[in-house]
Amino acid sequence: MSDKQPIYILPESTERTVGKDAQRNNILAAKLVADSVKTTLGPKGMDKMLVDSVGEITVTNDGVTILEKMEIEHPAAKMMVEIAKTQETEVGDGTTTAVMLAGKLLENAEKLLDMKIHPTVITKGYNLAERKAKELLEELSTGVSIEREDVLKHIVMTAMTGKGAESVKEKFADIIIKAIKQIQEDGNVDLTNIKIVKNKSNSVEDSELIRGVVVDKVRTSIDMPSKVENPRIALISDALEIKNPEGDTKISISEPAQLQSFMDREEENLKRIVEKIKSVNANVIFCQKGIDDVVQYYLAKENIYACRRVAKSDMESLAFATGGKIITNLNEISIEQLGKCESIEEVKQGDDSMTYVTGCENPKVLSILVKGGSEHVLDEIERAMMDGLGDVAAVIKDKKIVAGAGAIEIELSKRLRGFANTLSGREQLAVQEFANALEFIPLTLAENAGLDPIDILTELKSKHDNGEVSAGINIFNNRIEDTLVQGIIEPAKIKRQALSSATEVAIMILRIDDVLASKSSGNSRGVGSGGGMGGMMGMD
Ligand code: ADP
Ligand code: MG
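Residues numbered from 1 in each chain as written. Chains lettered and ligands numbered in written order. Predicted model: local features only at pLDDT ≥ 70, side-chain atom pairs only at ≥ 80, totals over all residues. Heavy atoms only, no water.

Undergrad: Would you take a moment to explain the overall build of the protein for this structure?
TA: Broken down by element type, the protein carries 18 helices and 21 strands. Taking the principal axes of its C-alpha atoms as reference, the protein extends roughly 95 × 70 × 35 Å. Residue burial in the protein is summarised as follows: out of 540 residues, 52% are buried. Surface exposure of the protein reaches about 25400 Å², of which carbon and sulfur atoms provide 48%. (Helix = DSSP H or I, 4+ residues; strand = E, 2+ residues; numbered from the N terminus. Buried < 20%, exposed > 50% of the residue type's maximum accessible area, 1.4 Å probe, protein only. Areas by Shrake-Rupley, 256 points an atom, 1.4 Å probe, with all protein chains shown as cover.)

Undergrad: I keep staring at the sheet that holds strand 4 (residues 142-143) and nothing clicks. Help me out?
TA: Backbone hydrogen bonds hold the strands of a sheet together, and the pairing may be parallel or antiparallel. Pairing in this open sheet of 3 strands is antiparallel, and the strands run 4-17-20 from one edge to the other. In the strand order of this sheet, the two ends are held by strand 4 and strand 20 (489-491), each with one partner. Across 3 bridges, the pairing between strand 17 (residues 400-403) and strand 20 is antiparallel. Looking at strand 20, one finds that isoleucine 401 is bridged to proline 491. (Pairing = 2+ DSSP bridges.)

Undergrad: Sorry, what's going on with a negative patch on the surface here?
TA: A cluster of acidic side chains, namely Asp264, Glu267, Glu268 and Glu275, defines a negative patch on the protein surface. Here glutamate 268 is to be found in helix 8 (residues 256-279). (Patch = residues over 30% accessible without salt bridge, like charges linked within 9 Å, V, L, I, M, F, W, Y side chains within 5 Å. Salt bridge = Lys/Arg side-chain N within 4 Å of Asp/Glu carboxyl O. Lys, Arg positive; Asp, Glu negative; His and termini not counted. Charge placed at Lys NZ, Arg CZ, Asp CG, Glu CD.)

Undergrad: Can you help me understand the site of ligand 1 in this one?
TA: Taken together, 22 residues are adjacent to ligand 1, and Asp93, Thr96, Thr97, Ala405 and Glu490 come closest. Within the backbone of threonine 95, an N or O atom sits 3.3 Å from an oxygen atom of ligand 1. Take alanine 405: an N or O atom from its main chain is 2.7 Å from an oxygen atom of ligand 1. Protein chains shield 96% of the accessible area of ligand 1, which is 580 Å² for the free molecule. Elements represented by at least two residues in the shell around ligand 1 include exactly helix 4 (95-114) and strand 18 (471-474). No other element matches helix 4, which puts 3 residues into the shell around ligand 1. (Near = heavy atom within 4 Å. Polar contact = N/O pair within 3.5 Å; in protein donor to acceptor, adjacent residues only side chain to side chain.)

Undergrad: I keep staring at a nonpolar patch on the surface and nothing clicks. Help me out?
TA: Together, Ile7, Ile9, Leu10 and Leu516 make up an exposed nonpolar region whose accessible area comes to about 440 Å². As for its placement among the helices and strands, leucine 516 is situated in strand 21 (residues 514-518). Its relative accessible area of 46% is what places leucine 516 among the partly exposed residues.

Undergrad: It is not clear to me how the nonpolar core should be interpreted in this structure. Could you clarify?
TA: The nonpolar side chains of a soluble globular protein tend to be buried, and buried together. Leu67, Met80, Val99, Ile122, Tyr126, Leu416 and Phe434 are the most contacted members of the largest nonpolar core, which totals 70 residues. The biggest single contributor to this core is helix 4, with 9 residues. Not counting residues within four places of it along the chain, the set of residues in contact with leucine 67 comprises Val33, Ser36, Val37, Ile72, Val81, Ala84 and Val99. Of all hydrophobic cores here, the second largest spans 36 residues; its members include Met157, Leu366, Ile368 and Leu389. (Core = buried A, V, L, I, M, F, W, Y, C linked by side-chain atoms within 4.5 Å. Contact = heavy atoms within 4.5 Å.)

Undergrad: Looking at this structure, how should I read the packing of aromatic side chains?
TA: Aromatic ring pairs are defined here through the distance separating the ring centres and the angle between the ring planes. Following the criterion strictly, the structure yields 2 aromatic pairs and no others. Measuring from ring centre to ring centre gives 5.8 Å for tyrosine 126 and phenylalanine 434, while their planes differ by 80 degrees; the resulting arrangement is edge-to-face. Of the two residues, tyrosine 126 is situated in helix 5 (residues 119-140) and phenylalanine 434 in helix 13 (residues 427-438); the sequence distance between them amounts to 308 residues. As far as the burial class goes, tyrosine 126 and phenylalanine 434 line up, both buried. Considering the side-chain rings of tyrosine 297 and tyrosine 298, the 5.2 Å spacing of their centres and the 75 degrees angle between planes classify their relative orientation as edge-to-face. For tyrosine 298, a relative accessible area of 15% translates into the label buried. For lysine 104, the ring lying beneath its charged end belongs to phenylalanine 440, and the centroid distance is 4.3 Å. (Phe/Tyr/Trp six-rings, centres within 6.5 Å; stacked < 30°, edge-to-face > 60°. Lys NZ or Arg CZ within 6 Å of the ring centre and 35° of its normal.)

Undergrad: I would appreciate a short explanation of the sheet that holds strand 5 (residues 194-200) in the present structure.
TA: Read from one edge to the other, the open sheet built from 3 strands follows the order 5-16-6, with strand pairing classed as mixed. If you trace the sheet from one side to the other, it starts and ends with strand 5 and strand 6 (208-210), each paired once. Put simply, the sheet's adjacent strands are angled 25 degrees from each other on average, direction ignored. Where helix 7 (residues 169-183) meets the sheet, it contacts strand 5, strand 6 and strand 16 (366-372), and its direction lies at approximately 165 degrees from that of strand 16. (Axes fitted to C-alpha atoms, helices over the stretch in contact; angles between N-to-C directions.)

Undergrad: Would you explain the packing of helix 5 against helix 13 in this entry?
TA: A packed helix pair is summarised by two numbers, namely the angle formed by the two axes and the spacing between the axes. Packing of helix 5 against helix 13 brings their axes to within 8 Å, and their N-to-C directions diverge by 55 degrees. Taken together, the axis directions place helix 5 and helix 13 in an arrangement best described as oblique. The crossing of helix 5 and helix 13 is right-handed. Of helix 13, the residues touching helix 5 (which contributes Val121, Ile122, Lys124, Gly125, Tyr126, Leu128, Ala129, Glu130 and Ala133) are Glu427, Ala430, Val431, Glu433 and Phe434. Class assignment for the residues of the contact of helix 5 with helix 13 results in 9 nonpolar, 1 polar and 4 charged. (Parallel < 35°, antiparallel > 145°, perpendicular 65-115°, else oblique. Left-handed = near helix turned anticlockwise from the far one by under 90°. Nonpolar A, V, L, I, M, F, W, Y, C, P; charged D, E, K, R; others polar.)

Undergrad: When you look at helix 13 in this model, what are you seeing that I'm missing?
TA: The α-helix advances 3.6 residues per turn, and as a result positions three or four apart in sequence lie on the same side. A rise of 1.5 Å per residue sets the reference length of helix 13, with its 12 residues, at 16 Å; its end C-alpha atoms lie 17 Å apart and thus fit the reference within 8%. Burial within helix 13 is extensive, with 9 of its 12 residues counted as buried. Within helix 13 the residues assigned to the buried category are Glu427, Gln428, Ala430, Val431, Glu433, Phe434, Ala435, Ala437 and Leu438. As for helix 13, its buried residues are in contact with helix 4, helix 5, helix 12 (407-421), helix 14 (440-448) and helix 17 (492-510). (Expected span 1.5 Å × (residues − 1).)

Undergrad: Help me understand the pairing of strand 17 in this model?
TA: A regular strand carries its side chains on alternate faces of the sheet. Note that strand 4 and strand 17 share 2 bridges and pair antiparallel. Its bridge partner lying in strand 17, glycine 143 is registered against lysine 400.

Undergrad: Is there a simple way to think about the pattern of salt bridges in this case?
TA: For side chains of opposite charge, pairing can occur when their charged atoms come near one another. Summed over all chains, the structure comprises 36 salt bridges. Here glutamate 427 ties to lysine 124 by a salt bridge, and the two come within 3.6 Å at their closest N and O atoms. In this pair, glutamate 427 is assigned in helix 13 and lysine 124 in helix 5, connecting sequence segments 303 residues apart. The exposure class of glutamate 427 is buried, given its relative accessible area of 18%. Across the pair glutamate 130 and lysine 134 runs a salt bridge, and its minimum N-O distance is 3.3 Å. In this pair, glutamate 130 and lysine 134 both sit in helix 5, 4 residues apart, roughly one turn of the helix. A relative accessible area of 13% places glutamate 130 in the buried class. In the salt-bridge network here, residues are joined through shared partners; they are Arg24, Lys31, Glu110 and Asp114.

What follows is the structure, encoded as structure tokens:
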């Protein structure tokens with residue numbers, strides 16, 4: 001283009017990268033994303049410490065959390081982050097696996113591009129391979145009944161291994177299984193019904209499942225009762241205060257008597273709020289906003305238990321659990337809007353106290369109280385819990401499991417290679433590269449555990465060649481074992497979803513041969529130079 005007079009069809013501020021450059025650049029960015037989570041894979045994976053712009057620290061091993069916190073800017077890299085998010089919402093676990101697989105598919109595609117194989121041929125081959133891999137996955141998965149608690153327990157333990165909850169993973173497995181069994185309906189699980197409440201204390205072992213809602217708030221005054229049996233609960237989203245007039249309203253007072261009457265009137269208004277609540281016989285209040293001191297005083301006098309500044313999500317859980325309606329206008333309060341349960345009580349947990357709402361009308365609302373020594377630990381345990389919950393929910397719905405510790409990936413890889421041999425065109429090469437990419441999972445599991453990845457891979461492959469379909473590398477004893485027998489098992493759904501989303505993003509990135517980035521969009525960093533990803537290279 002340089003020797004001819006250029007014709008501009010785009011705004012001057014647009015940065016354009018075309019053809020091979022665009023492709024290579026996108027592939028590089030995607031590979032860097034995959035690399036950045038690689039060291040966290042598996043039971044011996046390392047953690048990452050992420051510090052955001054205001055100094056907030058997150059220590060985690062969880063793929064999607066790392067990528068979300070990295071504030072990635074490169075457009076192709078962002079697409080990789082999206083697959084982690086999809087994996088998280090679809091299954092709740094397997095995010096690192098999905099991202100690594102996508103990265104490897106792109107890295108291997110690059111080799112084929114170097115051999116002058118057209119991207120269309122590669123994407124066609126990858127599509128074929130994905131379809132076949134999913135078929136093979138169905139063949140290789142084992143059916144499981146939801147009555148098999150032992151199997152479910154192993155699934156949770158496999159998911160939680162190496163995630164900061166090591167010592168108590170058996171206990172957590174019991175809690176998770178109990179919780180999911182309680183809320184499941186015909187195999188469907190709505191995880192939003194389970195609330196995880198974190199409490200700082202040293203006794204992780206005292207974490208517990210509570211049938212009901214735990215609200216991280218105390219009663220507003222110690223003169224209120226600390227426990228109410230069979231309460232009538234009012235859920236109020238409005239403030240129990242006198243509303244400040246809009247704008248700058250001045251009240252001019254010239255005599256002391258006027259001031260007194262003004263204050264009396266205010267108190268009357270506040271009393272009226274309490275009267276309203278009394279008129280429907282409510283004796284417990286959860287208020288989403290503030291409660292005036294005077295109102296608190298009168299509520300306590302009436303023996304009413306009240307919490308203020310309750311989170312909106314808690315208000316919604318409370319409404320769902322107790323059958324109450326959220327009241328937006330106190331003037332419209334009525335008995336039918338009140339919620340019911342067996343008991344409300346302020347319970348001391350570690351240094352804090354919380355409000356337990358138990359024996360609810362709706363038994364499908366649960367809370368898991370997680371205890372831990374510090375906020376960072378609690379957050380990481382919460383993420384591990386979410387992985388475990390997601391996995392059990394997936395198995396309850398899908399009823400299929402596969403052998404973990406790299407076993408399923410090796411077997412899929414082997415069978416895909418067999419499939420590649422039945423193909424004639426150049427797609428064959430792409431299917432082979434797809435098969436190679438799958439080996440990256442066991443390879444990395446071994447590498448992260450400090451083992452020799454090539455030795456392990458060779459041994460694994462020879463076992464699989466001898467028909468040991470579920471041979472994987474058990475990272476606990478560093479032995480190659482039948483992982484199905486050893487209970488290192490995962491939901492088939494994790495792998496199915498990882499295959500789909502990794503292939504989808506790899507293909508999408510491979511098909512791009514032109515990047516037009518508007519400089520003002522803030523997305524142009526890194527396009528054309530890969531510079532935007534520079535910060536990530538130093539991550540591991
Ligand atoms: P992801 O975000 O992909 O779930 P994880 O860090 O949770 O990543 O690691 C999951 C991988 O660890 C799976 O491939 C699983 O089979 C493997 N794994 C779990 N327990 C063991 C074990 N005891 N030995 C070897 N691999 C294991
Ligand atoms: Mg996991």
